[in-house]
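# Structural characterization, general
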Amino acid sequence: MEHKAWIQLRSGRAFYPADPDPALITIEDVAFALSNLCRFGGHVEFYSVAEHSVRVAALVAAQDTALTLAALLHDASEGLGLVDVPKPVKVLLPDYDRLEAGVMRAVEVAFGLAPQACDHPLIKQADMMMLETERRLLHCAPPQPWGTEHLNYVGQEELSVQTGVAPRLGVSSRAARWAFLDAAVRYGSRRALTSCA
């Protein structure tokens, strides 16, 4: 094992982000953590990574149902100790990309996904669409451009129609967790749900 650094997951398991074991990854642990992580470093009213992931998966499902589970899990590494580091900060952390890639490969193995399925261009496109949607609906006017203003976004009125989730952004942590778990079952997670969620 390269590093001894570990975190305790909700299930009680020890997880080593530098040496991730797919056998230790459960949908419940990922859902629990993502539903408690606020997007944008916490600089918006509470809006969880789990809710974001459910919305990204729903956008992808409208175009390619084979990619929906991968879309739901595209930020799973953030629920396994790497948290939601805002992109402008992430580029300052040289080892972050390596750790994230390793954890995401373990996630793909754990859930029977093809290698790099979570990096599919359609998922990246839906992720960026939700980023721009979230920027417009959750943030005040920016002090300088984000560089996403040119992207397509989902308008407030279209949100529930396009994603099948509540029209307003920012459901509770508990609601986001159950929406994530429900989506995992709907999108074909082969990992059994246990009672610890």
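In what follows, the accompanying structure is described. (Residues numbered from 1 in each chain as written. Predicted model: local features only at pLDDT ≥ 70, side-chain atom pairs only at ≥ 80, totals over all residues. Heavy atoms only, no water.)

### Remarks on the packing of helix α2 (residues 49-61) against helix α6 (residues 121-138)
Each pair of packed helices gets described by two things: the angle between the helix axes and the distance between those axes. Closest axis-to-axis distance for the α2/α6 pair is 9 Å, and the angle between their directions is 125 degrees. Relative to α6, α2 is oriented oblique. Judged by the sense of rotation from one axis to the other, the crossing of α2 with α6 is right-handed. Along its contact with α2, which presents H52, R55, V56, L59 and V60, the element α6 presents L122, I123, A126, D127, M129, M130 and E134. Residues of the contact of α2 with α6, tallied by class, amount to eight nonpolar, one polar and three charged. (Axes fitted to C-alpha atoms, helices over the stretch in contact; angles between N-to-C directions. Helix = DSSP H or I, 4+ residues; strand = E, 2+ residues; numbered from the N terminus. Parallel < 35°, antiparallel > 145°, perpendicular 65-115°, else oblique. Left-handed = near helix turned anticlockwise from the far one by under 90°. Contact = heavy atoms within 4.5 Å. Nonpolar A, V, L, I, M, F, W, Y, C, P; charged D, E, K, R; others polar.)

### Concerning the pattern of salt bridges
Side chains that carry opposite charge are capable of pairing whenever their charged atoms lie near each other. Enumeration according to the criterion identifies ten salt bridges in this entry. R39 is the partner of E134 in a salt bridge, and the nearest nitrogen-oxygen pair spans 2.6 Å. With E134 in helix α6 and R39 in the loop between α1 (27-36) and α2, this pair connects stretches of sequence that are 95 residues apart. Taking relative accessible area as the criterion, R39 reaches 8% and is therefore assigned buried. The salt bridge partner of D119 is R105, with a shortest N-O separation of 3.1 Å. A residue pair is termed long-range when its members are at least 10 positions apart, and D119 in the loop between α5 (96-110) and α6 and R105 in helix α5 qualify at 14 residues. By relative accessible area, D119 is classed as partly exposed at 33%. Taken together, the salt bridges that share partners define one network made up of R105, E108, D119 and K124. (Salt bridge = Lys/Arg side-chain N within 4 Å of Asp/Glu carboxyl O. Buried < 20%, exposed > 50% of the residue type's maximum accessible area, 1.4 Å probe, protein only.)

So far we have only geometry, and geometry alone does not tell us how the molecule works.
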